[in-house]
Amino acid sequence: MDETQAGVLNTIEDLVGSIKHKPGALLPILHSIQDHFGYIPDPAIGVIASHLRCTEADVHGVISFYHYFRSQKPGRYVIEVCRAEACQAQGGREFEQYVRDKLNIGFDQTTPSQDISLKAVYCLGNCATGPSIRVGDDIKGRMNPAKFDRLVDELTTFKLELK
Amino acid sequence: MTLRVYVPYETTALSLGAEQVATLIRREAERRGVDIEIIRNGSRGLFWLEPLVEVETDEGRYGFGPVELDDVASLFDAGFERGAVEHPLALGLTEQIPYLKNQQRVTFARIGITDPVSLDDYRSLDGFKGLDKAVSLSAQALVDCVKESGLRGRGGAAFPTGIKWQTVLDAQAPQKYIVCNADEGDSGTFADRMVMESDPYMLIEGMIISGLAVGATQGYIYLREEYPLAHELLNKAIERAYAAGYLGDNIAGSGRRFELEVRLGAGAYICGEETSLLESLEGKRGMVRAKPPLPAINGLFGQPTVVNNVLTFAAIPSILGEGAEFYANYGYERSKGTLPFQLAGNLKQGGLVELAFGQRLRDLIYEFGGGTRSGRPVRAVQVGGPLGAYLSPEQFDVLLDYESFSKIGAVLGHGGVVVFDETVNMAEQARFSMEFCVEESCGKCTPCRIGSVRGVEVIDKIIAGDNRAANIALLEDLCDTMIQGSLCAMGGMTPFPVKSALQYFPEDFNS
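Thresholds applied
- Residues numbered from 1 in each chain as written.
- Chains lettered and ligands numbered in written order.
- Predicted model: local features only at pLDDT ≥ 70, side-chain atom pairs only at ≥ 80, totals over all residues.
- Helix = DSSP H or I, 4+ residues; strand = E, 2+ residues; numbered from the N terminus.
- Buried ≥ 20, exposed ≤ 12 C-beta atoms within 10 Å, placed from the backbone.
- Contact = placed C-beta atoms within 7 Å.
- Expected span 1.5 Å × (residues − 1).
- Bend = angle between axes of the 7 residues up to and from the residue.
- Pairing = 2+ DSSP bridges.
- Axes fitted to C-alpha atoms, helices over the stretch in contact; angles between N-to-C directions.
- Nonpolar A, V, L, I, M, F, W, Y, C, P; charged D, E, K, R; others polar.
- Core = buried A, V, L, I, M, F, W, Y, C linked by C-beta atoms within 7 Å.
- Domains from an automatic or database assignment.
- Parallel < 35°, antiparallel > 145°, perpendicular 65-115°, else oblique.
- Left-handed = near helix turned anticlockwise from the far one by under 90°.

A. Up close: the overall build of chain A. When helices and strands are counted, chain A shows seven helices and five strands. By principal-axis analysis of the C-alpha atoms, chain A measures approximately 50 × 30 × 30 Å. Sorting the 163 residues of chain A into buried and exposed places 37% on the buried side. Nonlocal contacts in chain A, meaning residues at least 24 apart in sequence, comprise 58% of its contacts between residues at least 6 apart.

B. Just helix α18 (residues 446-463) of chain B, in detail. All names here are of chain B. Given a rise of 1.5 Å per residue, 18 residues ought to cover 26 Å, and the 25 Å separating the end C-alpha atoms of α18 matches this to within 8%. By the largest-angle criterion, Ser-452 marks the main kink of α18, which is about 30°. For α18, the set of buried residues is Pro-447, Cys-448, Gly-451, Ser-452, Gly-455, Val-458, Ile-459 and Ile-462. In this structure, the buried residues of α18 make contact with α17 (426-440), α19 (468-485), α20 (489-493) and α21 (495-504). Just downstream of α18 lies Gly-465, where phi reads positive at about 80°.

C. How the structure looks around the sheet that holds strand β6 (residues 177-182) of chain B. All names here are of chain B. Pairing within the open sheet is parallel, and its four strands lie in the order β8-β7-β6-β9. Of all the strands in the sheet, just β8 (259-264) and β9 (305-309) have a single pairing partner and so form its edges. Taken pair by pair, the neighbouring strands of this sheet meet at an average axis angle of 20°, ignoring direction. Where strand β7 (residues 218-223) and β8 come together, six bridges link them in parallel fashion. Looking across to β8, one finds that Gly-219 is bridged to Leu-260. Contacting β6 and β9, helix α13 (residues 310-322) crosses the sheet at an angle of about 95° to β9.

D. Examining the pairing of strand β14 (residues 378-383) of chain B more closely. Residues and elements named next belong to chain B. A large share of β14 lies buried, amounting to six of its six residues. Taken together, the five bridges between β14 and strand β16 (residues 416-421) define a ladder with antiparallel strand orientation. The residue of β16 that forms the bridge with Gln-382 is Val-418. Sheet topology note: the β14/strand β15 (residues 390-391) ladder contains two bridges and is antiparallel. Following the sheet pairing, Gln-382 is matched in β15 by Tyr-390. Linkage of β14 to β15, two consecutive antiparallel strands, is achieved through a turn of six residues, within which Gly-384 is found at a positive phi near 90°.

E. Region of the structure containing the interface of chain A and chain B. Every contact between the two is made by 36 residues of chain A and, on the other side, 47 residues of chain B. Listing elements by their share of the side of chain A that touches chain B, those giving two or more residues are α2 (26-37), α4 (56-65), α5 (85-88) and β5 (138-140) of chain A. Here the side of chain A that touches chain B takes four residues from α2 of chain A, the largest share from any one element. Looking at the side of chain A that touches chain B, its residues break down into 21 nonpolar, ten polar and five charged.

F. Up close: the nonpolar core. Membership of the largest hydrophobic core comes to 202 residues, with the highest contact counts inside it found for Val-179 and Leu-203 of chain B. Formed jointly, this core draws a minimum of three residues from each of two domains, domain 1 (3-65) and domain 2 (77-158) of chain A. Apart from the residues within four sequence positions on either side, Val-179 of chain B is in contact with Tyr-220, Tyr-222, Leu-281, Leu-300, Thr-305, Val-306 and Val-307 of chain B.

G. Structural detail: the packing of helix α9 (residues 191-198) of chain B against helix α11 (residues 228-243) of chain B. All names here are of chain B. Contact geometry of α9 with α11 gives a least axis separation of 8 Å together with a crossing angle of 40°. What the angle tells us is that α9 and α11 run oblique. As for how α9 packs across α11, the hand of that crossing is left-handed. Each of Arg-193, Met-196 and Glu-197 in α9 lies in contact with α11, whose residues at this interface are Leu-229, Ala-230, Leu-233 and Leu-234. Looking at the contact of α9 with α11 residue by residue, the classes come out as five nonpolar, no polar and two charged.

H. Looking closely at the sheet that holds strand β3 (residues 116-121) of chain A. Residue and element names in this part refer to chain A. Judged by pairing direction, the sheet is mixed, and its five strands sit side by side in the order β2-β3-β1-β4-β5 without closing on themselves. Whereas interior strands pair on both sides, the edge strands pair on one side only; in this sheet they are β2 (109-110) and β5. Examined bridge by bridge, strand β4 (residues 133-135) and β5 share three bridges and lie antiparallel to one another. Its bridge partner being in β5, Ile-133 is matched across the sheet by Lys-140.

I. Examining the domain arrangement of chain A more closely. Domain annotation for chain A reports domain 1 (3-65) and domain 2 (77-158). In this structure, domain 1 of chain A and domain 2 of chain A have C-alpha centres spaced 29 Å apart.

J. Molecular detail of the pairing of strand β4 (residues 60-64) of chain B. All names here are of chain B. In terms of strand pairing, strand β3 (residues 53-57) meets β4 through five bridges, oriented antiparallel. Across the sheet, Glu-56 pairs through a bridge with Arg-61, a residue of β4. Taking the residues that link successive antiparallel strands as the turn, the β3-β4 hairpin has two residues. Where β4 lies against strand β5 (residues 90-93), three bridges are found, and the strand directions are antiparallel. By the bridge assignment for β5, Gly-63 is matched with Gly-92.

K. Seen up close, unusual backbone geometry. In this model, Gly-130 of chain A is joined to Pro-131 of chain A through a cis peptide bond whose omega is -5°. For Pro-131 of chain A, the position within the fold is in the loop between β3 and β4. Look at the link from Gly-65 of chain B to Pro-66 of chain B: it is a cis peptide, with omega at -5°. Of note, Pro-66 of chain B is situated in the loop between β4 and α3 (72-77).

Structure (structure tokens):
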């Protein structure tokens, strides 16, 4: 990835340009930018505003409204922990506390090593087999401290895959 | 002979290791020189048995589950390809498992049987039968059929679908829209996700029929971002439906047009509220709109719009295919048809249970759910998502239909049932309801925006024993203000779980 400022701006221009003609294009644009960079870099706001002919405040307002969009670069992995009722009923509150203690961070924070960011999520639709978490696009059910320890080991050392 | 093995490709199954199980089965077969075909089907919704592996035999499909990696070799050792074998995980014929056999699956009849994105599989099990019929009918005849079925919106509000469609059909406009509310944010619900992951063509078919019925040519599925697998499978299914001529400018050879696109939400619970959803689709903050005007008159981009839940659209193909009467014959009084209940939380046998309306909540919890997974007594059940009331065991004989629930101040909503055992602290649950509203309120109206913040504070004071009686009275008053004064169900229903916790579990509010 070209990470110079000009490179970032070019990429954003391309992404916005390819989607802006859709009706109600702002959310699809923000998704494509976050998919690409892992977050919405500040310079994106001006580019989007000029393409969509709205104010930067409008764009910022939308970014800040939705929990999913973030303006800061996250850690290498984002772990989302479900806080909702069905997971609570299966020990979710205790599990959430374990996760915070283990990583020694709170929600919307990143470990000092920049490995893991923690995020709260309200339901992953895996409600019969909680507590549930999500890592990238993988949802993991029936979580417990031992499974979480193994997961963190895998994420912070090397990716272990059974192929 | 090739051994045909089914391993689900569905969120819950995958969350419990189905991918690794499938890989290991393939490897083990190769190692043993067994000719094998692994089909990635959807889930049957018997989640406590996932990963549920099935083998095809002459007598039918035999199930084994829950299969862990360590079990794979022993399945081969036991000769699981024969189906009826001795093995600790052997479940017999899948369709004879009482949990499945005792359901009345109409909408979910196909779920988990086939490869969800195979058009051939879909057609072989009555897929597009409803659409084939729909293309030969007039718009008014289609709307009439839905009216006669008695179908009510399955998202939670239970508004008669046919009447909504009639309003959109009667509206004159250059462009009309069909919008599917797939922002299934209620904790304890996963029926929409199952449809989208395990039978996506059913939803697509229902939306096409809706388009034909009201004269809309553009559809959007507003899908929550938290469902990555549903996103992947829906997009795949839509692509194939276009290629096969079910979407586009000549639907099923009828010369009529319908376009369909998936749009992703971004983690805002409020966007499950239909007007907020429309704002979000338009690229704005998901702020609730005042009603009227109804979306059916003034919806997406100001045009007449059908907004229905996934399950509502999913019920349409069988209503058209089998006839309105077939559907209306299920159910109880004014609650016609079936509702896919979702058993979640602390249950031995969580999963999807589709039943006609009118059965008892108790049976759902104990007969199907098998009681708690922890083995402790059930203390409270929340039905209908985070805005639904908590019920106590003495209320479990309530019938599962919209009116019976409404009579006891509860809601059936989207059919989610979350079970808690005796370790639950109901004051904490009440506090969480308010906290959730703080987190998710769109901020447009004061009772919801400020009321929820004050609600958390007051509950904290009650829990701390600070002027209890006065603060409980204050909380009751605050709840009434939120119920009466909020624009939408977020603020208007957050008090339901709070008030019910206070009413039925007052002992938990003593410090």
